[in-house]
Amino acid sequence: MTEAFDPELELARFRNYQKNTGAIVSFTGIVRSDADTLILSHYPGFTDDEVKRVGEQALERWGLKDYMIIHRVGEMQAGDVIVLVAAASRHRRDAFEATDYIMDKLKSDVPFWKQEKRDGAVKWIEPRAQDKDDLKRWET
Amino acid sequence: MAKILFYGRLSECSDTLDITLPKMIKTTSDLMVWLGSQNPALKKALEANGNRVAVNRTMISTSCIITDKDEIAFMSPLSGG
């Protein structure tokens, strides 16, 4: 959980750590301009553990070399980077799938809560049916 | 004292509670019913679909036994990323 960060710098740093990796796939989530402000809250002392658990699950399931998950909390504006996920593996398919999996879990299975401020009104954003269907794809 | 936390939409209905659990509360279900009886807005929010419950920072999917040493969190649907 962090304040604003530079995704290019973090990704370059991640790439430099790797040895004998054939593929890195990354996902950058950006705040859309639908809302004036997005507010992300978390459960201190629990969210970090759950984020790590998801990363470790992906590491094991796809035999990744490494992974990185950076997720912001607090107030964000349109254009701000909210999340960066990267997976490193020997071959590309594992890294693609692991990144997709981690994002699906972050969307609706890790303790984060999202509020949107639009024209002065604040409303809670809950997962869409699509997010729930996305999560089901990994139940095997 | 048990610590009872509320996250997401539920945080609008109650602040964190540090309480000695009344004797009749043995499980998370008992606690939910009792909290609802104290606070009608919270009752409605707790009955909404998709809420999660964690005891000592572990998600639970069925009611679970609790004591005064526990941290119990009630959470509205999770939404990150």
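Structural notes, computed from the coordinates.

About the criteria used
Residue numbers run consecutively from 1 along every chain, following the written order of its sequence. Each chain is given a letter, starting from A, and each ligand a number, starting from 1, according to the order in which they appear as written. For a predicted model such as this one, the threshold for reporting local features is a pLDDT of at least 70, and the threshold for listing and counting side-chain atom pairs is 80 or more; totals across whole chains, interfaces and linings nevertheless cover every residue. In computing side-chain properties, one takes all heavy atoms of the structure into account and sets aside hydrogens as well as water. Secondary structure follows DSSP: runs of H or I at least 4 residues long count as helices, runs of E at least 2 residues long count as strands, and numbering of each begins at the N terminus. When accessible area is computed with a 1.4 Å probe and restricted to protein chains, residues below 20% of their type maximum are described as buried, those above 50% as exposed, and intermediate ones as partly exposed. The criterion used for residue contact is that any of the two residues' heavy atoms lie within 4.5 Å. If DSSP finds at least two bridges between two strands, the strands pair. Note on geometry: axes are C-alpha line fits, over the in-contact stretch for helices, and angles between N-to-C directions span 0 to 180 degrees. Should an angle fall under 35 degrees it is called roughly parallel, over 145 degrees roughly antiparallel, and 65 to 115 degrees roughly perpendicular, with every other angle called oblique. By definition, turning the near helix anticlockwise from the far helix through less than a right angle yields a left-handed crossing, and turning it clockwise yields a right-handed one. Nonpolar residues are Ala, Val, Leu, Ile, Met, Phe, Trp, Tyr, Cys and Pro. Charged residues are Asp, Glu, Lys and Arg, and all others, Gly as well, are polar. What counts as buried area is the accessible surface, traced by a 1.4 Å probe, that two parts surrender upon association, with contributions from both included. Take a side-chain nitrogen of Lys or Arg and a carboxyl oxygen of Asp or Glu: if they are within 4 Å of each other, that pair is a salt bridge. We define a polar contact as two N or O atoms separated by no more than 3.5 Å, with the added condition that, inside protein, one atom must be a possible hydrogen donor and the other a possible acceptor, whereas residues neighbouring each other in sequence contribute only through side-chain atom pairs. Any pair of Phe, Tyr and Trp rings, taking the six-membered ring for Trp, is counted once the centres come within 6.5 Å. Such a pair is stacked with planes under 30 degrees apart, edge-to-face with planes over 60 apart, and tilted for the rest.

### Things to note about the overall build of chain B
Tallying secondary structure elements over chain B gives 2 helices and 5 strands in all. When the helices and strands of chain B are placed in sequence order, the string is β-β-α-α-β-β-β. Each principal axis of the C-alpha atoms in chain B carries an extent, and together these give about 40 × 25 × 20 Å. With 81 residues in all, chain B has 46% of them scored as buried. Sequence-distant contacts, at least 24 apart, represent 55% of the contacts inside chain B between residues at least 6 apart.

### Some details on the pairing of strand β3 (residues 66–71) of chain A
All names here are of chain A. The element β3 is extensively covered by neighbouring structure, given that 5 of its 6 residues are classed as buried. In terms of strand pairing, β3 meets strand β5 (residues 81–89) through 6 bridges, oriented antiparallel. Bridging from a neighbouring strand, methionine 68 pairs with alanine 86 of β5.

### Comments concerning the packing of helix α2 (residues 47–61) of chain A against helix α3 (residues 92–108) of chain A
Residues and elements named next belong to chain A. Packing of α2 against α3 leaves a shortest axis separation of 10 Å and a crossing angle of 155°. Taken together, the axes of α2 and α3 are roughly antiparallel relative to one another. Judged by the twist between their axes, the crossing of α2 over α3 is right-handed. Only Ala98, Tyr101, Ile102, Lys105 and Leu106 of α3 make contact with α2, whose side of the interface consists of Val51, Val54, Gln57, Ala58 and Arg61. Of the residues in the contact of α2 with α3, the class split is 7 nonpolar, 1 polar and 2 charged.

### So, the interface of chain B and chain A
With 20 residues of chain B at the contact, the number on the chain A side is 25 residues. For the pair chain B and chain A, the summed buried area comes to about 1900 Å², and 53% of that belongs to carbon and sulfur atoms. If you look at where chain B meets chain A, you find 2 salt bridges. Between Arg52(B) and Asp109(A) there is a salt bridge; the shortest N-O distance is 2.9 Å. Linking chain B with chain A are 14 residue pairs in polar contact (both at pLDDT 80 or more), by the criterion used here. Looking at the side of chain B that touches chain A, the elements that each hand over two or more residues are β1 (2–7), β3 (52–55), β4 (58–60) and β5 (71–75) of chain B. No other element matches β5(B), which puts 3 residues into the side of chain B that touches chain A. Considered class by class, the residues forming the side of chain B that touches chain A number 8 nonpolar, 7 polar and 5 charged.

### Observations regarding the packing of aromatic side chains
Residues and elements named next belong to chain A. A complete count under the given rule lists 7 aromatic pairs over all chains for this structure. A ring pair is formed by tyrosine 43 and phenylalanine 46, whose centres lie 5.1 Å apart and whose planes are at 75°; its orientation type is edge-to-face. For tyrosine 43, a relative accessible area of 1% translates into the label buried. With a relative accessible area of 1%, phenylalanine 46 lands in the buried category.

### Structural notes on the environment of Arg61(A)
By the element assignment, Arg61(A) lies in helix α2. The sequence separation of Arg61(A) and Ile30(A) amounts to 31 residues, and the corresponding C-alpha distance is 27 Å.

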